[in-house]
Amino acid sequence: MKITEIKINNYRAFYNEKGKESDKHLIDLKPGKNLLIYGENGSGKSSLFKGLRDLFNSSVEPDYTLIRNAFSKEMELDDEPFVEITFDSIYGTNEPSEFRFSHDPHRTNTNNELLRATVRSRSFMTYRDLMRIHFINQPKVNLFDFLFGANGLLEEIPNPAFSRPEMNLKMGELLKRVKDKPDEINIQDLANGVNQILTDMNKSLNCLLSYFDKSMTISFSELTADAIKKGELVIRINVTYYNINLSEEVEQYHNFLNEARLSALAICIFLAARLSVPPAPYEILFLDDIFTGLDTSNRIPLLNILTDRIIVGTDSDTFTNHQIILTTYDKQWYELAKNTLGNSNWNCVEMYIDRHTNKFDQPTILSGEDDFLKAHTYFKLHQYPACANYQRKICESLIKKFLPDYKKYDALPNGDIAPVNKLDTYITRLESYLTENGLSFEPFSRLKTCLRVVMNPLSHDDLESPVFRRELELVFDIIADLHNLKNTVILNAGSKIIMKKKHAETGIEKEYICQLLSPLRKIECKSIVKYSKFEILPLTEKDGEGQKIKISHGGKFDDVYKRCCHSLSVKPGDPYEDFKIQDGRTLSQIIA
């Protein structure tokens, strides 16, 4: 069970005009993929995080109020502000199910046990939440409230060490009973339950921590009944670093370790606690800017934790059955993570600040894979250098996709080959290839005049000038023409073709078997279709029932065909009709 679609309408930063309530801010996760989000500061990442969290929380708090977008309050809307999610299936059925948290309480339908179970899993975490583990001014860190207090990570875990049936409570309920009506039994049950949960969690915690740093191990202090009676609800962590117990040092671990190690420790505590919670029917993990305190070398290990199917050293569940949402404001890291994660199980989106016509900022959501949409968005935002960079990327990609491999590499003096890495070279190769195959380069000739834009936009003297904008608009037109170029392989190099034809004087049928030395390609430019010039090598010829004779005088297809006709004393016809492939079809038939 996974979320396949998220819609946000006039919630917090997400402003929607009338009539666009259901499609302007929509994130498609079909068929239930994970989500990686890049967003510059102020682009709406936190609003998305809070929107999903609020939707789930509204299932346990009926009076939960949706925070509507401030600029939509004076509008007459077709639909009240809402956050909505769609699941692919629910309760074992194949029917999709929608849950909406609406500004109109009559439209809210989140009173559902599925959503409540997800809330109990404590699945939403920000970097600020993790700072509670180490970013404090106290000499020692107390994790009791973070783990077992109100809204603590482990508050919803059933007590594993209850001494009598009436003490079979969730840890949060047991803690409340101890505070309201303490007695020897519930106090001891609380101490035993806390210690048992932390003992079980400790193994997973150290296994997770080894992804980041094998020199550091963790253990938890014991909570005693006597401490509870004194009101001292304290859990501390003992950090051993290169065999040094930092808990025994004057400078405690949160002052000794650097930010990257502290962040890794905090993340592992959260994730180990998350694995300790009994699984819910729907498992989500939303980590908002969680990479902030990690350097690049410690970010890849986190991705490994989230995607590994087995966490070595532990028998606990992994996160592969969770739907994971990650956000970051670091574009370079986003690109690295996108390449690392791949796109089979992940969707990638980018969020930017857009200026509405009414002069206020609003988020815009772009697919992380659609460079053409990004270029148009930057053009709309008047960020012309960024637009030009994406145009250059698109032009290179489309030309490379069209050209055959031999046009995309250069021979080096030492005999090696290297890929072409300049757009102007690709444009020159495109011109020569089209000309060689009887197609006009004219629709693309204007690209040469736009090279100063798409090659180096920052060198332009006036980025706001109408001339510069017109050049960008011209490149968009050229990109549309490049999209119309198609280059399809009809027959691969190595394919065999056969011609059987009678000698004009003797009447004896001769068979020629030839092999393609280069592919036969269908080249299209708008409505014009041409077929590439290709070379063949005659392998054998045979007279009637005689023996096959090996021959090897290859060349261009038309030239070899004419030589064969000359040897037969016949007038050349249509080589595409005379040559057939091995299944009996003529070349004319396979290119039709």
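All of these numbers come straight from a predicted model, not from anything done at the bench.

Colleague: Looking at this structure, I do not really get the overall build of the protein. What am I missing?
Modeller: Helix and strand content of the protein: 20 helices and 24 strands. Since a compact globule built from 592 residues should have a radius of gyration of about 25 Å, the 34 Å found for the protein marks it as more spread out than a globular shape. Dimensions of the protein, computed from the C-alpha atoms along their principal axes, are close to 115 × 60 × 50 Å. Here the protein holds 592 residues, and the buried ones make up 50% of them. Split by element, the accessible area of the protein, about 29,000 Å² in all, is 47% carbon and sulfur. In the protein, which carries 75 positive and 83 negative side-chain charges, the distance between the mean positions of the two groups comes to 5 Å.

Colleague: Mind showing me how you'd approach the packing of aromatic side chains here?
Modeller: Ring pairs (aromatic) are described by centroid distance and by the angle formed between their planes. Under the defined criterion, the tally for this structure stands at 24 aromatic pairs. Here the aromatic rings of Tyr 38 and Tyr 334 are separated by 5.8 Å at their centres, their planes lie at 45 degrees, and the arrangement is tilted. Pair noted here: Tyr 38 is in strand β3 (residues 34–39) and Tyr 334 is in helix α11 (residues 331–341), with a separation of 296 residues, a long-range link. Owing to a relative accessible area of 0%, Tyr 334 belongs among the buried residues under this scheme. Consider the rings of Tyr 64 and Phe 101, whose centres lie 6.0 Å apart with planes at 55 degrees: the pair is tilted. Of this pair, Tyr 64 sits in the loop between α1 (45–57) and β4 (82–87) while Phe 101 is found in strand β5 (residues 97–102), placing the two residues 37 residues apart along the sequence. Judged by its relative accessible area of 25%, Tyr 64 falls in the partly exposed class. The structure contains a cluster of three or more aromatic residues connected by ring pairs, namely Phe 49, Phe 56, Phe 87, Phe 99, Phe 124, Tyr 282 and Phe 286. It is Arg 100 that lies over the ring of Phe 82; its NZ or CZ is 3.7 Å from the centre. Over the ring of Tyr 38 we find Lys 331, and its NZ or CZ is 5.3 Å from the ring centre.

Colleague: Explain the pattern of salt bridges to me, please; I cannot follow it from the model alone.
Modeller: Side chains that differ in charge, positive against negative, can pair when their charged atoms come close. Enumeration according to the criterion identifies 35 salt bridges in this entry. A salt bridge links Glu 166 to Arg 164, with the nearest nitrogen and oxygen atoms 3.2 Å apart. We note a salt bridge from Glu 436 to Lys 407, for which the minimum N-O separation is 3.0 Å. Of this pair, Glu 436 sits in helix α14 (residues 423–436) while Lys 407 is found in the loop between α13 (384–402) and β14 (409–411), placing the two residues 29 residues apart along the sequence.

Colleague: I keep staring at the sheet that holds strand β7 (residues 216–220) and nothing clicks. Help me out?
Modeller: Within the open sheet, the three strands sit side by side as β7-β8-β9. Their pairing is antiparallel. Lying at the two open borders of the sheet, with one neighbouring strand each, are β7 and β9 (244–245). The sheet contacts of helix α9 (residues 259–276) involve β7 and β8 (237–241), and relative to β8 the element is tilted by about 130 degrees.

Colleague: So what exactly am I meant to see when it comes to the side chain of Arg 122 here?
Modeller: If you trace the backbone, Arg 122 turns up in the loop between α2 (113–120) and β6 (124–126). Since its relative accessible area comes to 14%, Arg 122 is described here as buried. Only 3.0 Å separates the side chain of Arg 122 from the backbone oxygen of Val 119, close enough to count as a polar contact. Side-chain polar atoms of Arg 122 contact the backbone oxygen of Asn 151, separated by 3.4 Å. Contact partners of Arg 122, with chain neighbours within four places excluded, come to Asn 151, Gly 152, Leu 153, Glu 155, Glu 156, Phe 270 and Arg 274.

Colleague: I tried to follow the sheet that holds strand β2 (residues 26–28) on my own but got confused; where do I start?
Modeller: By definition, the strands of a sheet pair up through backbone hydrogen bonds, in either a parallel or an antiparallel sense. With respect to topology, four strands assemble into an open sheet ordered β2-β1-β4-β5, the strand pairing being antiparallel. Two strands lie at the open edges of the sheet, namely β2 and β5, each paired on one side alone. When strand polarity is set aside, the average angle formed by the axes of neighbouring strands in this sheet is 10 degrees. Pairing analysis gives six bridges linking strand β1 (residues 3–9) to β4, with the strands arranged antiparallel. Residue Ile 6 lies in a different strand from β4, and its bridge partner there is Ile 85. Seen against the sheet, α1 touches β1, β2, β4 and β5 and runs at an angle of roughly 75 degrees to β4.

Colleague: Could you clarify how one ought to interpret the side chain of Thr 126 in this entry?
Modeller: Inspection of the secondary structure assignment puts Thr 126 in strand β6. Residue contacts for Thr 126: discarding those within four places in its chain leaves Phe 49, Asp 288 and Ile 290.

Colleague: Hey, could you run me through unusual backbone geometry in this one?
Modeller: Phi is mostly negative for residues that are not glycine, and the peptide bonds are mostly trans. The peptide bond linking Lys 30 to Pro 31 adopts the cis configuration, its omega dihedral lying at 5 degrees. Within the fold, Pro 31 resides in the loop between β2 and β3. Residue Asn 10 is not a glycine yet carries a positive backbone phi of 50 degrees. Relative to the helices and strands, Asn 10 is located in the loop between β1 and β2.

Colleague: Would you take a moment to explain α11 for this structure?
Modeller: Every α-helix winds through 3.6 residues per turn, so residues three or four apart in the chain are directed the same way. Looking at α11, one finds that the buried residues are Trp 333, Tyr 334, Ala 337, Lys 338 and Leu 341. Projected onto a plane normal to the axis of α11, the buried residues spread over an arc of 140 degrees and lie on a single side. Pointing more than 90 degrees away from the buried face of α11 are the exposed residues Gln 332 and Asn 339. If you check the start of α11, you find a side-chain oxygen 3.1 Å away from the backbone N of Gln 332, and it comes from Asp 330. Gly 342 sits one or two residues past α11 and shows a positive phi near 75 degrees.

Colleague: Where do I start with the confidence of the model for the protein in this structure?
Modeller: Any region with low pLDDT has predicted coordinates that should not be read closely. Mean pLDDT over the protein: 86, with 93% of residues reaching 70 or higher. Taken element by element, the predicted model of the protein shows its lowest mean pLDDT in helix α16 (residues 451–455) (62) and its highest in strand β24 (residues 579–581) (95). Note that pLDDT drops below 50 for residues 457–461; the model gives that stretch twelve contacts with residues more than four away or on any other chain.

Colleague: In this structure, what is going on with the nonpolar core? I would like to understand it.
Modeller: One broad trend across soluble globular proteins is that nonpolar side chains are buried collectively. In this structure, Leu 147, Phe 148, Leu 154, Tyr 253, Ile 269 and Leu 430 are the most contacted members of the largest nonpolar core, which totals 116 residues. Setting aside residues no more than four positions away along its own chain, Phe 148 makes contact with Leu 154, Glu 155, Met 171, Leu 175, Val 194, Ile 197, Leu 198 and Ile 235. Membership of the second largest hydrophobic core comes to 32 residues, among which are Phe 14, Phe 49, Phe 286 and Met 351.

Colleague: Explain the state of the cysteines here, please?
Modeller: Counted by the stated rule, this structure contains zero disulfides. The cysteine Cys 268 is free of any disulfide, with Cys 207 supplying the nearest cysteine sulfur at 10 Å. A disulfide-free cysteine, Cys 565 has its sulfur positioned 6.9 Å from the sulfur of Cys 564, the nearest such atom. Of the residues examined, Cys 565 reaches a relative accessible area of 0% and is grouped as buried.

Conventions and cut-offs
Residues numbered from 1 in each chain as written. Predicted model: local features only at pLDDT ≥ 70, side-chain atom pairs only at ≥ 80, totals over all residues. Heavy atoms only, no water. Helix = DSSP H or I, 4+ residues; strand = E, 2+ residues; numbered from the N terminus. Rg over C-alpha atoms; globule rule 2.2 N^0.38 Å. Buried < 20%, exposed > 50% of the residue type's maximum accessible area, 1.4 Å probe, protein only. Areas by Shrake-Rupley, 256 points an atom, 1.4 Å probe, with all protein chains shown as cover. Lys, Arg positive; Asp, Glu negative; His and termini not counted. Charge placed at Lys NZ, Arg CZ, Asp CG, Glu CD. Phe/Tyr/Trp six-rings, centres within 6.5 Å; stacked < 30°, edge-to-face > 60°. Lys NZ or Arg CZ within 6 Å of the ring centre and 35° of its normal. Salt bridge = Lys/Arg side-chain N within 4 Å of Asp/Glu carboxyl O. Pairing = 2+ DSSP bridges. Contact = heavy atoms within 4.5 Å. Axes fitted to C-alpha atoms, helices over the stretch in contact; angles between N-to-C directions. Polar contact = N/O pair within 3.5 Å; in protein donor to acceptor, adjacent residues only side chain to side chain. Arc of directions from axis to C-beta. pLDDT = per-residue confidence, 0-100. Core = buried A, V, L, I, M, F, W, Y, C linked by side-chain atoms within 4.5 Å. Disulfide = S-S within 2.5 Å.

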